[in-house]
Amino acid sequence: MQFVSMIDQETIQRIMDAARIEEVIGDFVSLKKRGANHIGCCPFHNEKTPSFYVSPSKGIFKCFGCGEAGDVVSFLKKHEHFTYPEALRWLAKKYNIEIQEEEQTQEQKERQNERDALFHLSEFAQQYFADLLYNDEMGRAVGLSYFHGRGLSDEIIKRFGLGYCLDEWTNFTDHARKNGYSDTILEKTGLTIFKDPESQTPNSELRRKAYDRFRGRVMFPIYSISGRVLGFSGRVLSSEKQAAKYVNSPDSDIYNKSRILYGLFQARSAISKADKCYLVEGNIDVISMHQSGVENTVASCGTSLTTEQIRLIKRYTPNVTVLYDGDSAGIKAALRAVNLLFAEGMHVRCVLFPDGEDPDSYAQKNGSTALQEYLATHEDNFLIFKTRVLLDGVKNDPIRKAELVKDTVATIALVPDLIERTEYIAQCAHLLDVPEEALASELSKAINQNRLKAYEEEKKTTTQEKPDNPVNPEFPATPNPEPRTSNPELPTDPSERHLIQLLLNYGNHTIDFPVTAEDGSQQYDTYSLAELVVNELQADELSFTDPLCQQVYQYYCDAIDRGEAPDASRFITIDDEALRSFAISLMLDTYRISDTWRQKQVFVPSLEDNLQSDLTETILTFKMKCVDGRIADNARSFREAKTEEDIDRLLAEKKQLVDLRRQIGLMLHRVIN
Ligand SMILES: [Zn+2]
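Description of the structure in this document.

Calculation criteria
Residues numbered from 1 in each chain as written. Predicted model: local features only at pLDDT ≥ 70, side-chain atom pairs only at ≥ 80, totals over all residues. Heavy atoms only, no water. Donors = N, O, S within 2.8 Å, 3.2 Å for Na, K, Ca; no water. Tetrahedral: all angles 85-135°; square planar, octahedral: opposite > 155°, others 65-115°. Buried < 20%, exposed > 50% of the residue type's maximum accessible area, 1.4 Å probe, protein only. Salt bridge = Lys/Arg side-chain N within 4 Å of Asp/Glu carboxyl O. Helix = DSSP H or I, 4+ residues; strand = E, 2+ residues; numbered from the N terminus. Phe/Tyr/Trp six-rings, centres within 6.5 Å; stacked < 30°, edge-to-face > 60°. Core = buried A, V, L, I, M, F, W, Y, C linked by side-chain atoms within 4.5 Å. Domains from an automatic or database assignment. Contact = heavy atoms within 4.5 Å.

Time to look at the coordination of the zinc ion. Those protein atoms acting as donors to the zinc ion are Cys42 (SG), His45 (ND1), Cys63 (SG) and Cys66 (SG), and they sit at 2.1 to 2.3 Å. For the zinc ion, the four donor atoms are set out with angles of 102 to 119 degrees between them, so the coordination reads as tetrahedral. Counting residues between consecutive donors of the zinc ion along the chain gives the motif C-x2-H-x17-C-x2-C. For Cys42, a relative accessible area of 6% translates into the label buried.

Dropping the structure here:
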């Protein structure tokens, strides 16, 4: 879909001006303010301590763990698999900026790639089903009255995009076909089921028979974190049929049920705010909790809880409270989830509803306030609760008790925090009536086993390294055709790194540079910092040994040669991943370093305060490093020199270099003191 041409440049600029990176990323990751930056746990790799930095003033993000970096659009592209225009449209919607888009032609619809088509059709279906719920006679009589009967208000019905699929064989399929959606896409989303004709009688149609998967069901659209429709869950209403109570969309290119939580789109900011997430069993429970004012609630729909789903929650909070029905099936389902939750380092609590009640029925019977009170007063430690429940089933059977002890220890071993573990051991020893030392020694065995397993898994994954990215053709080849440093975060020399940092962060800052005029008077000429650096380095024909530093420097040289003001922000969006990640880390690094110092309570004047002396010092240090390099080269040549002529020449050169070094040293001394 070529939307690029459909959004004009002016609108794009308005969108980019309005978009605040910390707000946008904050929709997907819980961020905390630290100094000038916001930090959180990276959504692109699994981590326990945050190394994901967002700089609001620069509009960039960077993960110091996995290297992922970019601006607000590249975040959305990477995280939500948006195309560029999709990201823009999403931002426009978020910031209420109107985009005038042309109506799509049939041809454009066919050209759009399949993934786009899946998204498009899902959205189309959601709107159709929601429309039927209010504007169709059967929709109102059957669908809407069902939702109203379950106590849902019109406001909450609209908030969750609920709908109804008519109880006819091909009503939806016909409507979608009429609007230009192909059978292939209808089948891939699972909205339509196709069956081969049963017998090949002369009268049988050649065309496969199609019918609506969700016919006669109320529809719960399933949203991505950013609010796109990915699939559906449909609940049957008539009790006569032998049909399954709930039917879900099959997995597709856009819908993977093990990576989606029902209600997360509507719940995410409440979870972040409350620093807690309630986990319930069904869609209706989620909606009912939201309607009762407990908006930090989600459900794993159609699957038992998966690790991917837990990690989704963990982006917003480490605190999970599992709510479950008082019946034994509910307890069993909840108990299955507990080990997974502990293994991800979550703090798990639970609330058990009275027998035969679930959050929905409880709220309906007793009202919102009573539900909130019940939740607040009935929270229990999940591990202790689990042990107590299982102990009930053990009675006096010594073999089953031994199994329970083992099972309990295995769960405690998953808790990452030592103090928490010790606490659990004490409580469980008491509950199980087993000496604490016995439990503790079982525990250390279990922990060692887990570590061994983790170590082996890590060994497996680290052997699969990522291939190098091709160098951006916009950049000339580096003079040293060395392979890139394996870790682009740590180039070889700190003065190289610092000089590039100054270029990227302050390249266009002007500095008044003292010059002596012809009549001997002191004057000041104004230069940009980038001009000063390039002039100084080019005069001595110096270059960088680190290939990434050299690439950035080369860009600044070229820009200044062309008489243009260099633009550091080009590195934020550059395709070359290694270069982008490197440049962005240097743009953020100034803040990161001072953060560390601030924690240690050392006063650091900001870089900007001393820009000129910092620049002079850095250039001198860089030159010193280059001279040292040449002295080392000289010594090497000296050892290999064959003729007297060579020796004389090398000695003279050495004297010059040592002199130069001394001069630079003196200047450096003057700057520092
Ligand atoms: Zn990362």
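There's more to say after this.
Before going further, it helps to spend a moment on the pattern of salt bridges. Overall, the coordinates contain 28 salt bridges when judged by the stated rule. Of the charged contacts, one joins Arg349 and Glu379 as a salt bridge, the two residues approaching to 3.0 Å between their closest N and O atoms. Pair noted here: Arg349 is in strand S15 (residues 347-352) and Glu379 is in the loop between helix H16 (368-377) and strand S16 (380-381), with a separation of 30 residues, a long-range link. A salt bridge links Arg388 to Asp380, with the shortest nitrogen-to-oxygen separation between them at 3.8 Å. Overlapping salt bridges bring together Arg20, Glu22 and Glu23 as one network.

Moving on, we come to the packing of aromatic side chains. Across all of its chains, the model carries 32 aromatic pairs by this definition. When the ring of Phe124 is compared with that of Tyr181, the centres are 5.0 Å apart and the planes differ by 45 degrees; the resulting orientation is tilted. Taken as a pair, Phe124 in helix H6 (residues 114-135) and Tyr181 in the loop between helix H9 (171-178) and helix H10 (183-189) lie far apart in primary sequence, 57 residues in all. For Tyr181, a relative accessible area of 9% translates into the label buried. Here the aromatic rings of Phe220 and Tyr246 are separated by 6.2 Å at their centres, their planes lie at 50 degrees, and the arrangement is tilted.

This paragraph deals with the nonpolar core. Counting 75 residues, the largest nonpolar core has Leu91 and Phe382 as the members making the most contacts within it. Take this core: its biggest share by element is seven residues, from helix H14 (residues 328-343). When residues of this core are assigned to domains, at least three fall in each of domain 1 (4-94) and domain 3 (383-460). Leave out the neighbours within four places in its chain, and Phe382 touches Val322, Tyr324, Ala334, Leu335, Val338, Val348, Arg349 and Cys350. Judged by nonpolar contacts, the second largest core, of 60 residues, contains Leu121, Phe160, Cys165 and Leu186.

As a further point, take the side chain of Arg421. Locating Arg421 in the fold gives a position in helix H19 (residues 418-432). With residues up to four places along the chain from it excluded, the contact list for Arg421 reads Ile412, Val415, Pro416, Leu443 and Ile447.

Structural measurements only, silent on function.
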